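Analysis of the macromolecular model
Here's the letter readout for the chains.
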Amino acid sequence: MIINNNENIKTSAVYVASLILKEFTKHKGKRLTIFELSAALKKQNIKHYRQLFFGLALLYGTGILEFSEPYVYILND
Amino acid sequence: MDKRKVKSDIVQQRLSYLQMRVINSNSLNLTDVNIHAENFYRDFFNKLGFQFKNTNFDSQNAAHVDLIDPENKQALQITAQNDNIKISEALNGFYKKDEHREYKLQLVLIGKDAKDYTTSFGHNFNHREDVLDIKRILSKIDNFETDQISEIADFLDNEILLPRSVTESTEVETIMSLIDFLSQEKNRVLSDKKDNVDPEHKIYNRFASHATYITGQYGSLFTVYNTAFAKASEKIDGVMAILISSYLKDESDAILNKNNNNPKMALGEMVDFFYNKLSTNGFKKFDKQAIRFYLLEEMIKCNVFPNSI
């Protein structure tokens, strides 16, 4: 189950992951710092680190993202 | 061990806070805090087994000593100055009097830290042991037994009032604490029972004789607690949601069975159960009705009293 029926969709890992990808599209780049991502998500009301973490984990687990401190890279366009 | 850490943290926080207050006030030439510090440190050192008296209350006001303990032949000069001239003056002035010969004078630095002095002070004064700054006091307390640390922590907690941190309203804090409690990952085995999420069936059929009570309660609490619930729920993520759901399903089912399938009684027992759990884990006053609203909200989502298939 990708979204639990008890969680708010707007803070779910899938939704947060989509916001992260949107941020990459907006910046037309393959690389963003974790701080830029965190600041951008804050504006979308994602304020808790675990929500950001699960969004990133989903993208990493599906092979879309890679990390190189403090950057987050997109692997697939 | 947990108690020791909590109490040590309190001691560290309170003394550090007082130290910074002294440093900042003195930088603005405000020294009233130093005057209160004398009596504070009198009571503080008396907790460590001394019997200090403030020499200000003595008719023969001693110029170079603030606290004196005739029983243990100890004397303390409470000061915010850490220079060697101050120390020399205090020692020479104190030992000038014959009646002080048998006393041991120590300096308590309430603001700045002690330096690595190169001056030879004389009078058997070892600056590494006899100049007590906050760091040295903290390291001495750290070696005490837990009960003694606890007693000191309680004293400091009473005496030093920290500025109140910004907090949420009681109802938001109650629901947040409840969410934290419910989503603790203590090797919980997740429930794999299948259930049927159908609040209408549950309230109007399964609990038909209590439907008016349940809807009435929810209706009256909704206006008061819904905003608090929405605010507190912001932090829930997918993993927390699963943990909360699993915990509530198992526990509520057991409590409902215990209460002969009476949701009114079971809900009351659950509210009391969580209220007591939260109260023993912290010191705050929690809002019982907020807990009730949270559980009613979870009842609608079928996490509390789940319908079996």
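One structure accompanies this document, and this report is about it. (Residues numbered from 1 in each chain as written. Chains lettered and ligands numbered in written order. Predicted model: local features only at pLDDT ≥ 70, side-chain atom pairs only at ≥ 80, totals over all residues. Heavy atoms only, no water.)

Before going further, it helps to spend a moment on the interface of chain A and chain B. Across the contact, ten residues belong to chain A and 14 residues belong to chain B. Note on chain A versus chain B: buried area summed over both sides is about 1,000 Å², and carbon and sulfur give 46% of it. For the chain A face of the interface with chain B, the top three residues by lost area are A:Asn6, A:His48 and A:Arg50, together amounting to 47%. Between A:Arg50 and B:Asp237 there is a salt bridge, with the nearest N and O atoms lying 2.7 Å from each other. Along the contact surface separating chain A from chain B lie five residue pairs in polar contact (both at pLDDT 80 or more). Tallied by class, the residues present in the side of chain A that touches chain B amount to one nonpolar, six polar and three charged. (Contact = heavy atoms within 4.5 Å. Buried area = accessible area lost by both parts, 1.4 Å probe. Salt bridge = Lys/Arg side-chain N within 4 Å of Asp/Glu carboxyl O. Polar contact = N/O pair within 3.5 Å; in protein donor to acceptor, adjacent residues only side chain to side chain. Nonpolar A, V, L, I, M, F, W, Y, C, P; charged D, E, K, R; others polar.)

Residues and elements named next belong to chain B. Judged by nonpolar contacts, the single largest core of 40 residues is most densely connected at Leu 182, Leu 248, Phe 274, Tyr 294 and Leu 295. At the level of elements, helix H7 (170–182), helix H9 (211–233), helix H10 (238–258), helix H11 (263–281) and helix H12 (288–300) are the ones that each hand at least two residues to this core. Take this core: its biggest share by element is eight residues, from H9. When neighbours within four sequence positions are excluded, Leu 248 is seen to be in contact with Leu 182, Asp 253, Met 270, Phe 274, Tyr 294, Leu 295, Glu 298, Asn 303 and Val 304. Grouped together as the second largest cluster of nonpolar side chains are 29 residues, Phe 44, Ala 80, Ile 141 and Leu 156 included. (Core = buried A, V, L, I, M, F, W, Y, C linked by side-chain atoms within 4.5 Å. Buried < 20%, exposed > 50% of the residue type's maximum accessible area, 1.4 Å probe, protein only. Helix = DSSP H or I, 4+ residues; strand = E, 2+ residues; numbered from the N terminus.)

Below, the discussion takes up the packing of helix H1 (residues 2–27) of chain B against helix H5 (residues 134–142) of chain B. Packed helix pairs are characterised by how far apart their axes lie and by the angle those axes make with each other. Residues and elements named next belong to chain B. Two numbers describe how H1 lies on H5: the axes approach to 11 Å, and their chain directions differ by 165°. As the angle between them shows, H1 and H5 are arranged roughly antiparallel. Every pair of crossing elements has a handedness; the one defined by H1 and H5 is right-handed. Here Arg 4, Ser 8, Val 11, Gln 12, Leu 15 and Gln 19 of H1 lie close against H5, whose contacting residues are Ile 134, Ile 137, Leu 138, Ile 141 and Asp 142. For the contact of H1 with H5, the class distribution of residues is six nonpolar, three polar and two charged. (Axes fitted to C-alpha atoms, helices over the stretch in contact; angles between N-to-C directions. Parallel < 35°, antiparallel > 145°, perpendicular 65-115°, else oblique. Left-handed = near helix turned anticlockwise from the far one by under 90°.)

Take unusual backbone geometry next. Note the cis peptide between A:Glu69 and A:Pro70, where omega equals -5°. Secondary-structure assignment places A:Pro70 in the loop between strand E2 (65–68) and strand E3 (71–74). A positive phi angle, near 60°, is found at B:Asn261, a position not held by glycine. In this fold, B:Asn261 is placed in the loop between H10 and H11.

Residue and element names in this part refer to chain B. Note that Lys 249 resides in helix H10. Overall, the relative accessible area of 16% leaves Lys 249 in the buried class. Through-space distance from the C-alpha of Lys 249 to that of Glu 298 is 9.6 Å; in sequence the pair is 49 residues apart. Residue contacts for Lys 249: discarding those within four places in its chain leaves Asp 195, Cys 302, Asn 303 and Pro 306.

Glancing now at the pairing of E3(A). All names here are of chain A. Covered by surrounding structure in E3 are Val 72 and Ile 74 only, the residues Tyr 71 and Tyr 73 on the alternate face being uncovered. Pairing of E2 with E3 involves four bridges; the strand directions are antiparallel. Its bridge partner lying in E3, Phe 67 is registered against Val 72. Two successive antiparallel strands, E2 and E3, enclose a turn made up of two residues. (Pairing = 2+ DSSP bridges.)

Moving on, we get to the packing of helix H2 (residues 32–47) of chain B against helix H6 (residues 146–159) of chain B. Residues and elements named next belong to chain B. Look at H2 against H6: their axes get within 10 Å of each other, and the N-to-C directions meet at 165°. Judged on the interaxial angle alone, H6 and H2 are roughly antiparallel. Remark: the crossing between H2 and H6 carries right-handed chirality. For the pair H2 and H6, contact is made by Phe 40, Asp 43, Phe 44 and Lys 47 and by Glu 151, Ile 152, Phe 155, Leu 156 and Glu 159, respectively. Split into classes, the residues belonging to the contact of H2 with H6 amount to five nonpolar, no polar and four charged.

Once that is clear, we can look at the environment of B:Ile85. All names here are of chain B. Mapped onto the secondary structure, Ile 85 falls in helix H3 (residues 84–95). Exposure remark for Ile 85: the relative accessible area of 53% places this residue in the exposed category. Along the backbone, Ile 85 and Thr 119 are 34 residues apart, and their C-alpha atoms lie at a distance of 9.2 Å.

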